[in-house]
Amino acid sequence: MERNRPLDQGTSNRNELFQQLDEDFVFKLASSEKDRQRVYRLRYKVYCQEIGYNPPYNDNSALELDIYDENALHCMLEHRKSGIVAGCFRLVLPAPEAMNSAIRLPLQEYGGRSLTHTTLHPDLLPFHEICEISRFATAREFRNRPINNETLDEGSITYEFSPEERRVFPLLTIVLFLATHALVDLVERRHIFAMMASRLPRLLAMSGFRFTRIGEAIELHGKRNAFYIDNHGAQRDMNRELVEPYLRVRKQLAPQLSRALSDRSLINLVQPS
């Protein structure tokens, strides 16, 4: 079966690399305002200074956030030794008041009529089972090569990564996506939507995550398409080499989510009445 194919990394020691990644990095739910600002700061660097979502300013303390952040769980991947946020994403859950709204998820606002799939549409699926992954970002310091036109300076980075540390960097995109699926599972959602450039779904398909395109391409700081994946199928079809890393990520996030649910507003979002 396809899920038994090895990851296309060209090495025979992937288990060792994932174990090193566990030692070097930790997943954190950004449940405090301080941690959320760290996430918003990384998003500003990637989405504003690099991709151009909003006019960038020469200010590394600036933040990128929008109205959907209030209805989202924010997750970050932190490099343990340096404390640098290596990556982040948010899981947007439709607010209870959006049940009867025409816009339940961000991609409905941005995608609009481009969402043409006859069955895989947020309006056609159970309200309490849909969610959207967005603001997926990896810090420039943890990429093999930059994306688009880099405008960042490196003055704020004081930690020098060793070659041993750098060898796990190519796995960060995959492990971040493992975290998205783990978090979706923990909040008991099934239907995942995302607005992505076509390159990323092709990359993820190599690891068994097969997204379905559900609409026409739109211009959103480059060509973007709306995509869908069934989280049950994603967990079933992921390459076998990812199962153990996935379970370890889920084990990291589960107790953090339980603690975060002490916030009554979060309970209403994750477990609406």
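Higher on the page you've got the structure.
Residues numbered from 1 in each chain as written. Predicted model: local features only at pLDDT ≥ 70, side-chain atom pairs only at ≥ 80, totals over all residues. Heavy atoms only, no water.

K.L.:
Any chance you could break down the pairing of strand E4 (residues 130-138) for me, citing the residues and the numbers?
P.N.:
Burial analysis of E4 places nine of its nine residues in the buried class, which makes it a mostly covered element. As paired strands, strand E3 (residues 85-92) and E4 are joined by five bridges and run antiparallel to one another. The residue of E4 that forms the bridge with arginine 90 is serine 134. With three bridges joining them, E4 and strand E5 (residues 191-196) adopt parallel strand pairing. Within E5, the residue paired with cysteine 131 across the bridge is isoleucine 192. (Buried < 20%, exposed > 50% of the residue type's maximum accessible area, 1.4 Å probe, protein only. Helix = DSSP H or I, 4+ residues; strand = E, 2+ residues; numbered from the N terminus. Pairing = 2+ DSSP bridges.)

K.L.:
Could you give an account of the nonpolar core, with specific residues and numbers?
P.N.:
Membership of the largest hydrophobic core comes to 78 residues, with the highest contact counts inside it found for Phe25, Phe27, Leu91, Phe142, Leu172, Phe209 and Leu253. For this core, the element with the highest residue contribution is helix H5 (residues 172-186), accounting for 11 residues. Apart from residues lying up to four places away in sequence, phenylalanine 25 is in contact with Leu77, Glu78, His79, Arg80, Ala86, Phe142, Val168, Phe169 and Leu172. (Core = buried A, V, L, I, M, F, W, Y, C linked by side-chain atoms within 4.5 Å. Contact = heavy atoms within 4.5 Å.)

K.L.:
Would you mind going over the packing of helix H1 (residues 14-24) against helix H8 (residues 243-260) in detail, with residue names and values included?
P.N.:
Packed helices, taken two at a time, are described by the angle between their axes plus the distance between the axes. Between H1 and H8, the least distance of the axes is 11 Å, while the angle of their chain directions is 15 degrees. Comparing their axes, H8 and H1 come out roughly parallel. For the pair H1 and H8, the crossing hand works out as right-handed. Contacts between H1 and H8 involve Phe18, Gln19 and Asp22 from the first element and Pro245, Arg248 and Gln252 from the second. A breakdown of the residues in the contact of H1 with H8 according to their chemical character gives two nonpolar, two polar and two charged. (Axes fitted to C-alpha atoms, helices over the stretch in contact; angles between N-to-C directions. Parallel < 35°, antiparallel > 145°, perpendicular 65-115°, else oblique. Left-handed = near helix turned anticlockwise from the far one by under 90°. Nonpolar A, V, L, I, M, F, W, Y, C, P; charged D, E, K, R; others polar.)

K.L.:
How would you summarise the packing of aromatic side chains if you had to cite specific residues and measurements?
P.N.:
By the definition in use, this model includes nine aromatic pairs. Pairing tyrosine 159 with phenylalanine 161 gives two aromatic rings, centres 5.0 Å apart and planes at 65 degrees, and the pair type is edge-to-face. Cluster of aromatic residues (ring-pair linked, three or more members): Phe25, Phe142, Tyr159, Phe161 and Phe169. (Phe/Tyr/Trp six-rings, centres within 6.5 Å; stacked < 30°, edge-to-face > 60°.)

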